[in-house]
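Read off the chains here:
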Amino acid sequence: MINWIIPGAIAIVILYVIYAYNSLINLENRVDNAWSQIRVQLKRRSDLIPNIVETAKQYADHEQDVFKAVSEARNQLDGAASPKENAKASEALSSSLGRLFAIAEDYPDLKADNNYRQVQEELSSTENKIAYARQHYNDVVTAYNTRIESFPANTVASTFSFNERELFQVENEDLDDFTVSFS
Amino acid sequence: MTFTWTEIRQNNLKTSLLFFVFFGLIAAISTVLGLMFNSLALGWSIGLILFLAYGAFAYYRGSQMALSLNNAQKADERQYRQLHNIVEELSIAASLPKPDVYIINEDAPNAFATGMNPDQSAVAVTTGLLNIMDRDEVSGVIAHELAHIESRDTKTMLIAGVLVGSIVILADIIFHASLFGGNDRGNWVYLIVGILASMLAPLIAQIIKLAVSRKREYAADAKAAQYTRNPEGLASALEKLGSTTKKMDHANRSLNHLYINSELDGSFFNNLFSTHPPIEDRVKRLRDL
């Protein structure tokens, strides 16, 4: 009888490790997938920006500051690597775009331009998609991080080096040292 | 009263329960049929075959039929760019594959969703709806329809339609059989039971279907608010739907439960049999979220 206890216990541990490993892999894939969904939308927004800036320039040539702010934020976003950097740059781009849309209100001809209206609709839609994809990504990352921190899955996670992932989110302290100049 | 996840779970439980009642009804009415023909096996076989045939038809052709009965046409990607964008956005929010987008050329504002599963689903909106609503309101409506797809209500309602349909046909067979005597002894008990069953069963079936449908509306509203994070969009869309006086030309009563805006008017009888809860109540619930 006693002969069965040790092999039995080992078998249970091995089965648990297999199960935990597989569920971690599954969660990790979902994180990667959610992240690539955000990347697709960020890329799409970056691609649309030259178009809207060029169109806006035709009607509002002396609003150079805003165009510069938009282009800078876009370059920053293209250079961003980690989710946090991306989130920061994306936030900056959103606010400078918001300003671009705001000044368009002062230029009726620009607002009436067909191309401008189309690109604006595409940009607003992409902004919404980023916001929704971000909710999804943050939910999945939170589930993943919670899983690799809780016992006993954390032992399996550290053995196979599953690392904590960053949220796509701007921390409050980051906002302080990050300003886009509109002056 | 606000929405909770417990409430949504309870709805699902009630739905399963109602389906049991449905199956019970089909079994009972098949039994009556069997008794009339002096062969239970025959009655049950008729019930089963009818249910399966009807079910297979709905499974493979149900969505397409709902779309074509409403004269829905695929929405052009360029012409209806914003609508396509909204559907894409909210599909991301709901973690669903993007459903096909259809347009119904119709002045009355309305929308519906259909499909046996999220991979092969469709949403349809009328041109009238697009004319009177802004982006936030259309988003609210689309979110409501996607919520129906996500919670498999579209499937539930297709199945409910099949069950009601089967019961109506069975009841019809009984009615005719009891009139023209499937039973050679001419037993008047069978005649009365048969007539009663044939009259009551479709009525009960219809009421059950409506009960299922109404509960689902509140849940879909709640989910829509969760997707958009903007309950006001749907609330104001519902108000616009509620105040419209236009009626759909191609209104088809059997498809009534599919629509976001119920087609029947507000008389007492219609309220009792309405597939949707009153709009004011839905708006109030959304604003209380």
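Reading guide: rules and limits
- The numbering scheme is per chain: residues are counted from 1 as the chain's sequence reads.
- As they are written, the chains are lettered A onward and the ligands numbered 1 onward, keeping that order.
- Selection of residues for local features in this predicted model requires a pLDDT of at least 70, selection of side-chain atom pairs for listing and counting requires 80 or more, and totals for whole chains, interfaces and linings are taken over all residues.
- To obtain the side-chain values, all non-hydrogen atoms of the structure were used and water was disregarded.
- Helix and strand labels come from DSSP, where a helix needs a run of H or I of at least four residues and a strand needs a run of E of at least two; each type is numbered from the N terminus.
- Only C-alpha atoms enter the radius of gyration; for comparison, a globular chain is expected to reach 2.2 Å times N to the power 0.38, where N is the number of residues.
- For every residue, the accessible area obtained with a 1.4 Å probe (protein chains only) is divided by the maximum for its type, and the residue is called buried under 20%, exposed over 50%, and partly exposed between those limits.
- When checking whether two residues touch, look at their non-hydrogen atoms; a contact exists if any pair is within 4.5 Å.
- To measure how exposed things are, a 1.4 Å probe is used in the Shrake-Rupley method; for residues, cover is taken only from the protein chains shown.
- By convention a nonpolar core is built from buried Ala, Val, Leu, Ile, Met, Phe, Trp, Tyr and Cys residues, the set being connected through side-chain atoms within 4.5 Å.
- To obtain each axis, a line is fitted to C-alpha atoms, and for helices this fit is confined to the stretch in contact; angles are then taken between N-to-C directions over 0 to 180 degrees.
- Note on terminology: angles under 35 degrees are roughly parallel, angles over 145 are roughly antiparallel, angles of 65 to 115 are roughly perpendicular, and the others are oblique.
- Helix crossings are classified by the rotation of the near helix relative to the far one: an anticlockwise turn of less than a right angle makes the crossing left-handed, while a clockwise turn makes it right-handed.
- Just so you know the grouping, Ala, Val, Leu, Ile, Met, Phe, Trp, Tyr, Cys and Pro go in nonpolar, Asp, Glu, Lys and Arg go in charged, and all remaining residues, Gly too, go in polar.
- What makes two strands pair is DSSP finding at least two bridges between them.
- The quantity reported as buried area is the accessible area (1.4 Å probe) lost by two parts once they are put together, taken as the sum for both.
- The rule for a salt bridge is simple: a side-chain nitrogen of Lys or Arg has to be within 4 Å of a carboxyl oxygen of Asp or Glu.
- Any pair of N or O atoms that falls within 3.5 Å is considered a polar contact. Within protein, one atom must be able to donate a hydrogen and the other to accept it, and sequence-neighbouring residues count only if both atoms are side-chain atoms.
- A residue's pLDDT is the confidence the predictor assigns to it, expressed on a 0 to 100 scale.

Engineer: Whenever I open this one, the overall build of chain A confuses me. Can you help?
Structural biologist: Regarding its fold elements, chain A presents seven helices and zero strands. When the helices and strands of chain A are read in sequence order from the N terminus, they spell out α-α-α-α-α-α-α. Taking 16 Å as the expected radius of gyration for a compact globule of 183 residues, we find that chain A reaches 23 Å, considerably beyond that expectation. Structurally, chain A occupies a C-alpha span of about 90 × 35 × 20 Å along its principal axes. Looking at chain A residue by residue over its 183 residues, the buried ones come to 38%. Looking at chain A alone, contacts between residues at least 24 apart form 79% of all its contacts between residues at least 6 apart.

Engineer: Sorry, what's going on with the overall build of chain B here?
Structural biologist: Broken down by element type, chain B carries ten helices and four strands. Shown N-terminal to C-terminal, the secondary structure of chain B runs as helices and strands in the order α-α-β-α-β-β-β-α-α-α-α-α-α-α. Across the 289 residues of chain B, 52% fall into the buried class. With the model as given, the accessible surface of chain B reaches about 13,700 Å², and the carbon-plus-sulfur share is 60%.

Engineer: Is there a simple way to think about the nonpolar core in this case?
Structural biologist: Counting 83 residues, the largest nonpolar core has Leu90 and Ile142 of chain B as the members making the most contacts within it. For this core, the leading source of residues is helix 1 (residues 2-59) of chain A, giving 13 residues. Counting 18 residues, the second largest nonpolar core, distinct from the first, contains Phe19, Ile26, Ile174 and Ala177 of chain B.

Engineer: Explain the packing of helix 1 of chain A against helix 3 (residues 83-104) of chain A here, please?
Structural biologist: When two helices pack together, their arrangement is captured by the angle between the axes and the distance separating the axes. All names here are of chain A. With their axes 12 Å apart at the nearest point, helix 1 and helix 3 run at an angle of 30° to one another. If you check the angle between helix 1 and helix 3, you find them roughly parallel. Classified by chirality, the crossing of helix 3 by helix 1 is left-handed. On helix 3, the residues touching Trp35, Arg39, Leu42, Arg45, Ile49, Ile52 and Ala56 of helix 1 are Pro83, Asn86, Ser90, Leu93, Ser94, Leu97, Leu100 and Phe101. Of the residues in the contact of helix 1 with helix 3, the class split is ten nonpolar, three polar and two charged.

Engineer: Is there a simple way to explain the pairing of strand 3 (residues 111-114) of chain B in this structure?
Structural biologist: For a regular strand, side-chain orientation follows a simple rule: the groups alternate between the two sheet faces. All names here are of chain B. Along strand 3, one buried face is formed by Ala111 and Ala113 and the opposite face, lined by Phe112 and Thr114, is buried too. Here strand 3 runs beside strand 4 (residues 122-126); their pairing, made up of four bridges, is antiparallel. Counted as the bridge partner of Ala111 is Val125 from strand 4.

Engineer: Even after reading the chapter, I still don't get the sheet that holds strand 1 (residues 72-74) of chain B, so can you show me in this structure?
Structural biologist: Through backbone hydrogen bonds, the strands of a sheet pair up, either in parallel or in antiparallel fashion. All names here are of chain B. Read from one edge to the other, the open sheet built from four strands follows the order 1-2-4-3, with strand pairing classed as mixed. The strands lining the two open edges of the sheet, one partner per strand, are strand 1 and strand 3. Each strand of the sheet is rotated relative to its neighbour by a mean of 30°, with strand direction disregarded. As judged from the three bridges shared by strand 1 and strand 2 (residues 100-104), these two strands associate in the antiparallel manner. Each residue of the ladder has a partner; that of Gln73, found in strand 2, is Ile103. Contacts from helix 2 (residues 40-69) reach strand 1, strand 2, strand 3 and strand 4 within the one sheet, and its direction differs from that of strand 3 by about 160°. Where helix 5 (residues 135-150) meets the sheet, it contacts strand 3 and strand 4, and its direction lies at approximately 25° from that of strand 3.

Engineer: Explain the interface of chain B and chain A here, please?
Structural biologist: Bring the parts together and some accessible area is lost; that lost area is often taken as the interface size. Residue-level contacts link 13 residues of chain B with eleven residues of chain A. When chain B packs against chain A, close to 1,000 Å² is buried across both sides, 43% of that on carbon and sulfur atoms. Counting the contacts that link chain B with chain A gives three salt bridges. Scanning the region where chain B abuts chain A turns up ten residue pairs in polar contact (both at pLDDT 80 or more). Those elements giving two or more residues to the side of chain B that touches chain A turn out to be helix 3 (81-94) and helix 7 (188-228) of chain B.

Engineer: Which parts of the structure should I look at to understand the pattern of salt bridges?
Structural biologist: A side chain with one charge can pair with a side chain of the opposite charge if their charged atoms come near. Overall, the coordinates contain 21 salt bridges over all chains when judged by the stated rule. The salt bridge involving Arg45 of chain A is made with Glu127 of chain A; its shortest N-O contact spans 2.5 Å. In this pair, Arg45 of chain A is assigned in helix 1 and Glu127 of chain A in helix 5 (residues 114-149), connecting sequence segments 82 residues apart. Members of the salt-bridge network, linked through shared partners, are Arg44 and Glu122 of chain A together with Glu77 and Arg81 of chain B.

Engineer: Which parts of the structure should I look at to understand the confidence of the model for chain A?
Structural biologist: Do not read the predicted coordinates in detail wherever pLDDT is low. When the pLDDT values of chain A are averaged, the result is 87; 93% of them are 70 or greater. Across residues 176-183 of chain A, confidence stays below pLDDT 50; counting only partners more than four residues off in sequence or on other chains, it has 13 contacts.

Engineer: Help me understand the pairing of strand 2 of chain B, please; the structure alone is not making it clear to me.
Structural biologist: Residue and element names in this part refer to chain B. Burial analysis of strand 2 places four of its five residues in the buried class, the great majority of the element. As paired strands, strand 2 and strand 4 are joined by five bridges and run parallel to one another. Paired with Ile103 across the bridge in strand 4 is Val125.

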